[in-house]
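Analysis of the macromolecular model
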Amino acid sequence: MADFKLDVDADGIALITWDMPERSMNVITLEAIEELSGIVDKVTNDAAIKGAVITSGKEAFCGGADLTMLERMGAIYAERMKKEGEIAAAKFIYEESSKLSQLYRRIEKGGVEIGGKEKKVGKPWVCAINGTAMGGGFELALACHHRVAADNPKTRLGLPEIKIGLFPGAGGTQRVARMMQPADALQFLLKGDQLKTDRAKAMKLIDNVVPQADLIQTAKDWIKAGGKAEAPWDVKGFRLPGGPVYSKAGMMTFPAANAIYRRETYDNYPAARAILQVVYEGLQLPMDVALRVESRWFAKILRTPEAAAMIRTLFVNMQDLNKGARRPVNEPPTSIKKIGVVGAGFMGAGIAQVSAAAGLQVVLIDRDQEAADKGKAALHKSLSDRVMKGRMKGAERDTLLEKITPSADYATLKDCDLIIEAVFEDRKVKSDVIAKIGAVISDTAIFASNTSTLPITSLAAEFKDPKRFIGVHFFSPVAIMMLTEVILGKETGDRALAVALDYIRAIKKTPIVVNDSRGFYANRCVLNYIKEGHLMLLEGIPPAMIENTARMAGMPVGPLSLNDETALDLGLKIVRATEADLGPEAVEPGMKILLESMVEKQGRLGRKNGKGFYDYPPGLPKKLWPGLSDLLPKKLAREEIEALDVEELKQRFLVTQAVEAARTFEEKVVTDVREADVGSILGFGFAPFSGGTLSYIDMMGTKKFVDLCRAFEKKYGARFAPPKLLIEMAEKGESFYGRFAPEKKKAA
Ligand code: NAD
């Protein structure tokens, strides 16, 4: 079926409309590449056609490459590797993956060979960007001779490939680096920023922004006015915006970029390193050769385990979860219009904000009207800060806030479709609130608790209809964190799950669904991470080394910083509650003593009171607290510190979380490998290059992972003991994605 429609108008201008049948968004597939290639031939060879405008028939222009196509290529690569060897397989990947780049280059040359003796004139191409253009879609725009965008506020333009372990491989790195200063280009490529049209124009990535109604005509007018089929870099005498690589300016850029890259990534991301390399090498070469260099690096990066793991977790799996992979199939779609949030504190206000932003009406309840108003006022303040910074329009803030009604009257909850409680983490307070809500809630509404530690089943027992009770656990800060953990109590019904998942979809977050257990999934893993940091402190390892090695391992923040953010008194509360419920052997005595000294003797609660493992002097960067060493039982000597194995410290941080994830899987707290992986990256930033906790184990190989656990168990204690499931998998040579492949699970 045709993906593109071609209409030639009376002026000889071809309008190419990209509109893939049976898809909500245009994506680049092998078929689309072939069809567009035929269209380039037609535009080039038909003398009646003067030039071409390419646009889309959908709301967005193009979402980028069809990543399942890249996954398929990976599978063919693996097969060829077995049959024909590494070189033939690598050649296949290079040839296939460079097809798109070559097609775009043909467009850029107006369909003709340039630079030969015979002077040929190509056909100009204009991209009429009607909506969002990402990745390969935006690279197509960059290859055109002129770019006009409609002033659609929803449009985002960018090259976000880095976020899934890849980089723009269809000319993106080379064109962007020839359009702006190399430092800006590197930043744009390495961050994977998604720009609004005005910002893209300011950065000279697009030429013009016009009203939607004028889009096509403006694009055509550019051709009629004599727009030429040549890219600036193909014109003799072209100068790079930042000057040559080997110049004073170049020398100020590239070595510094290298240092920033290492500081930000600790060399964990092959794709980020490749971006630096291709920009540096490419800018010293003519465009055709530079594009070949880019293609070779792209083919290499596509074959890395990091790219495979990141594509699987952060694209394929995440999309499955967002589209409702865990939604009960027999539950009809629900329509949520009004929600109630009880508890207008830090979390409750955040939940109200994201719900109102999704267009829902929100009743925000607290102990009295004053407390409820305070919650809304806090939101007004934080949104006004965004308005001040130009990140939000004043009118958007007002529309959002209008949807939130603060109240102390529980009767206002009676027509809510979903009520979420986010009151103090105190069983008595929760019981009281559950009873009050129970008295007014409608017969069809669902009750959700945002508790982080109390078992959902036990809270549900206090509600009149436990089938309608579910855990919806948000992460802080609610507006920023993309994950929501849904917890099923023993009696939670399918409709409660369907409503919770439909709500999470409406507020555009990613859900994972887990069974009830102490700490659920995410907090169990992340508490192990923080604990490992504490235990290293007790071993006498310097705090700065602990924080740095954790970041080197790929964690976004060190364990001591993280503990400061989540509050040390909360940490102590959890240790004490664990001891009370599970006995003294369930907690590390040294850790308890350390937290008691910090919180109760020193009054250091974390960032919230400006004093934790770090000091937080107002207006200055935080600094590790120098008094900490006096509280520690042991301090290593200089030679002992120098003899520490940094690789081992890094592994301890990741292994302690991954082995806990394996335990949650064995205990059936988590039942889907996709959820363990996605949840670990979105919920607590587990080394994204690994693809998540279980992918980390798969990437290392189960046997090797179990051996490492055993070695750490011997050296550091039982917390590293591998669970039975892992031992069995190691013996059988199984991996998580091999044994628990989601397809198989569906069929079961
Ligand atoms: P918070 O102290 O900021 O807010 C609690 C709010 O509940 C306060 O506004 C308080 O006035 C209100 N409240 C107390 N008793 C009430 C009652 N009887 N009726 C109505 N309102 C009452 O606390 P928070 O950090 O927002 O945490 C709320 C819940 O969210 C807890 O269950 C907590 O475990 C959970 N949670 C917190 C985080 C986090 O990082 N803070 C993350 C995930 C989940």
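Cut-off values and rules
- Residues numbered from 1 in each chain as written.
- Predicted model: local features only at pLDDT ≥ 70, side-chain atom pairs only at ≥ 80, totals over all residues.
- Heavy atoms only, no water.
- Near = heavy atom within 4 Å.
- Polar contact = N/O pair within 3.5 Å; in protein donor to acceptor, adjacent residues only side chain to side chain.
- Areas by Shrake-Rupley, 256 points an atom, 1.4 Å probe, with all protein chains shown as cover.
- Helix = DSSP H or I, 4+ residues; strand = E, 2+ residues; numbered from the N terminus.
- Nonpolar A, V, L, I, M, F, W, Y, C, P; charged D, E, K, R; others polar.
- Axes fitted to C-alpha atoms, helices over the stretch in contact; angles between N-to-C directions.
- Parallel < 35°, antiparallel > 145°, perpendicular 65-115°, else oblique.
- Left-handed = near helix turned anticlockwise from the far one by under 90°.
- Contact = heavy atoms within 4.5 Å.
- Domains from an automatic or database assignment.
- Salt bridge = Lys/Arg side-chain N within 4 Å of Asp/Glu carboxyl O.
- Pairing = 2+ DSSP bridges.
- Buried < 20%, exposed > 50% of the residue type's maximum accessible area, 1.4 Å probe, protein only.
- pLDDT = per-residue confidence, 0-100.
- Arc of directions from axis to C-beta.
- Right-handed = clockwise from strand over helix to strand, strands pointing away.

**Observations concerning the site of the ligand**
Looking at the ligand, there are 21 residues lining it, with M347, D366, E425, K430 and S452 nearest. Between the ligand and D366, the relevant distance is 2.7 Å, taken from an oxygen atom to a side-chain nitrogen or oxygen of the residue. Within the contact set of the ligand, an oxygen atom lies 2.6 Å away from a side-chain nitrogen or oxygen of S452. Protein contacts shield 80% of the accessible area of the ligand, which totals 830 Å² for the unbound molecule. At the level of elements, α14 (346-357), α17 (427-440) and β15 (469-474) are the ones that each hand at least two residues to the shell around the ligand. No other element matches α17, which puts three residues into the shell around the ligand. Counted by class, the shell around the ligand contains ten nonpolar, seven polar and four charged residues.

**Regarding the packing of helix α15 (residues 369-388) against helix α16 (residues 394-402)**
Where α15 contacts α16, the two axes come as close as 9 Å, and the packing angle between them is 160°. Here α16 runs roughly antiparallel to α15, going by the angle between their axes. Once α15 is placed against α16, the crossing between them reads as right-handed. Contacts from K376, L379, H380, L383, S384 and V387 in α15 reach G394, R397, L400 and L401 in α16. Tallied by class, residues from the contact of α15 with α16 come to five nonpolar, three polar and two charged.

**Some thoughts on the environment of D9**
Residue position: D9 is located in the loop between β1 (4-8) and β2 (13-18). Between the C-alpha atom of D9 and that of F346, which follows or precedes it by 337 residues, the distance is 59 Å. At 2.9 Å, the side chain of D9 and the backbone nitrogen of D11 are in polar contact. From its side chain, D9 meets the backbone nitrogen of I13 in a polar contact 2.9 Å long.

**A short note on the domain arrangement of the protein chain**
Taken as a whole, the protein chain is organised into domain 1 (4-303), domain 2 (338-517) and domain 3 (523-668 + 672-739). A straight line from the C-alpha centre of domain 2 to that of domain 3 covers 30 Å. Taken together, the contact pairs 13 residues of domain 2 with nine residues of domain 3. Viewed at the interface, domain 3 and domain 2 are joined by zero salt bridges. Inspection of the region where domain 2 meets domain 3 yields three residue pairs in polar contact (both at pLDDT 80 or more). Here the side of domain 2 that touches domain 3 gets five residues from one element, more than from any other, and that element is strand β17 (residues 510-515). Considered class by class, the residues forming the side of domain 2 that touches domain 3 number seven nonpolar, five polar and one charged.

**Section: the sheet that holds strand β5 (residues 133-134)**
Taken in spatial order, the three strands line up as β5-β7-β8 in an open sheet, and their pairing is mixed. The strands lining the two open edges of the sheet, one partner per strand, are β5 and β8 (194-195). Two strands pair when backbone bridges link them, and β5 and strand β7 (residues 157-158) are joined in this way by two bridges, in the parallel orientation. Residue A133 lies in a different strand from β7, and its bridge partner there is L157.

**A look at the sheet that holds β17**
The eight strands are arranged β12-β11-β10-β13-β14-β15-β16-β17 in an open sheet whose pairing can be described as mixed. In this open sheet, the two strands that pair with only one neighbour each are β12 (404-407) and β17. The average undirected angle you get between the axes of adjacent strands in this sheet is 25°. Examined bridge by bridge, strand β14 (residues 446-449) and β15 share three bridges and lie parallel to one another. Bridging from a neighbouring strand, F447 pairs with F469 of β15.

**Some remarks on the pattern of salt bridges**
Taken as a whole and assessed by the stated rule, the structure comprises 56 salt bridges. The partner of R303 in a salt bridge is E86, with the nearest N and O atoms 3.2 Å apart. Pair noted here: R303 is in the loop between α12 (287-302) and α13 (305-322) and E86 is in helix α3 (residues 86-97), with a separation of 217 residues, a long-range link. The exposure class of R303 is partly exposed, given its relative accessible area of 29%. In this structure, R604 and D615 form a salt bridge, with 2.5 Å as the shortest nitrogen-oxygen distance. Of this pair, R604 sits in the loop between α24 (589-601) and β18 (614-615) while D615 sits in strand β18, and the two are eleven residues apart along the sequence. Judged by its relative accessible area of 5%, R604 is buried. Residue classification places D615 among the partly exposed residues on the basis of a relative accessible area of 24%. Through salt bridges with shared partners, a single network forms among R105, E108, K109, R175, D234 and D288.

**Quick word on the confidence of the model for the protein chain**
Averaged over all residues, the pLDDT of the protein chain is 95; the fraction at 70 or higher stands at 98%. Counted against residues more than four places away or in other chains, residues 744-748, with its pLDDT under 50, gives four contacts.

**Details of the packing of helix α4 (residues 99-108) against α12**
Where α4 meets α12, the axes come as close as 11 Å, and the angle between the chain directions of the two elements is 160°. Classified by the angle between their axes, α4 and α12 sit roughly antiparallel to one another. Between α4 and α12 lies a crossing whose hand is right-handed. For the pair α4 and α12, contact is made by S101, R105 and E108 and by M287, D288, L291, E294 and S295, respectively. Class assignment for the residues of the contact of α4 with α12 results in two nonpolar, two polar and four charged.

**Re helix α31 (residues 724-732)**
Within α31, burial applies to L725, L726, M729 and A730. Angularly, the buried residues of α31 cover 135° about the axis, an arc narrow enough to put them on a single face. Facing away from the buried side of α31 by over 90 degrees, the exposed positions are K724, E731 and K732. Buried-residue contacts for α31 involve α27 (646-666), α29 (693-700), α30 (702-716) and α32 (736-739).

**Concerning the pairing of strand β3 (residues 51-56)**
Burial analysis of β3 places six of its six residues in the buried class, the great majority of the element. Every second residue of β3 is oriented toward a common face, with G51, V53 and T55 on one face and A52, I54 and S56 on the other, all of them buried. In terms of strand pairing, β2 meets β3 through six bridges, oriented parallel. Looking across to β3, one finds that I16 is bridged to I54. Read from β2 through helix α1 (residues 30-45) to β3, the crossover connection turns out right-handed. Direction of pairing for β3 relative to strand β4 (residues 125-129): parallel, over a ladder of three bridges.

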